[in-house]
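The residues making up each chain are set out below.
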Amino acid sequence: FVSPEKICELRRLAVSPRHQNCGVGSKLLQTFLKHARERTGYQAIHLTTLTSMISACQFYEKYGFKRGKVEKYNLNFGSDKKVFYTKSAVFEDISE
């Protein structure tokens, strides 16, 4: 169990399509993990991503994030109704 005060949240990690698959996202995430571990004392990281973003889910899992509860949200954008599924993931071993 990790105390809520020891959990940080990764809100957004985006790399422009032209720079994807060049190691930019990996470097950004590694820098974030190192900062969370060494400078802030966090013990876990939470993030949420769309389940339809397969490559993003695989990317985070490659770095040790575990799939959490999947929730379904109905969003209404004007007359366009969309259903999004989000996946929570938590990385609990940021110590080396």
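Residues numbered from 1 in each chain as written. Predicted model: local features only at pLDDT ≥ 70, side-chain atom pairs only at ≥ 80, totals over all residues. Heavy atoms only, no water.

(A) Structural view of the packing of aromatic side chains. Taken as a whole, this structure holds three aromatic pairs when the rule is applied. The interplanar angle of 70 degrees and the centroid separation of 5.3 Å between the aromatic rings of phenylalanine 59 and tyrosine 60 together place this pair among those described as edge-to-face. Classification of tyrosine 60 by relative accessible area gives buried; the value is 8%. Judged by centre distance (5.7 Å) and plane angle (75 degrees), the ring pair of tyrosine 60 and phenylalanine 65 falls under edge-to-face. Grouping aromatic residues by their ring pairs yields a cluster made of Phe59, Tyr60, Tyr63 and Phe65. (Phe/Tyr/Trp six-rings, centres within 6.5 Å; stacked < 30°, edge-to-face > 60°. Buried < 20%, exposed > 50% of the residue type's maximum accessible area, 1.4 Å probe, protein only.)

(B) Representation of the layout of surface pockets in the model. When its volume is computed, the largest pocket comes out at roughly 810 Å³. Considering the residues around the largest pocket, the lining is formed by 25 residues, among which Leu13, Ala14, Met53, Ala56 and Tyr60 are closest to the centre. Sorting the residues of the lining of the largest pocket by element identifies α1 (24–40), β2 (44–50) and α2 (54–62) as the ones contributing at least two each. Across the lining of the largest pocket, the residue classes break down as 12 nonpolar, 10 polar and three charged. (1 Å grid on protein atoms, 1.4 Å probe; cavity = no way out; pocket = protein on both sides within 12 Å on 5 of 7 lines; lining within 4 Å. Points joined across faces, edges and corners; volume = space filled by probe spheres on them. Helix = DSSP H or I, 4+ residues; strand = E, 2+ residues; numbered from the N terminus. Nonpolar A, V, L, I, M, F, W, Y, C, P; charged D, E, K, R; others polar.)

(C) Molecular detail of the nonpolar core. Core analysis: the largest hydrophobic core is formed by 12 residues, namely Cys8, Leu10, Leu29, Leu33, Ala36, Ile45, Leu47, Ala56, Phe59, Tyr60, Tyr63 and Phe65. Taken together, the elements giving at least two residues each to this core come down to α1, β2 and α2. (Core = buried A, V, L, I, M, F, W, Y, C linked by side-chain atoms within 4.5 Å.)

(D) Structural detail: the pattern of salt bridges. For the structure shown, the criterion picks out one salt bridge. As a salt-bridge pair, arginine 11 and glutamate 9 come within 4.0 Å of each other at their nearest N and O atoms. For arginine 11, a relative accessible area of 62% translates into the label exposed. (Salt bridge = Lys/Arg side-chain N within 4 Å of Asp/Glu carboxyl O.)

That is the geometry; function is a separate question.
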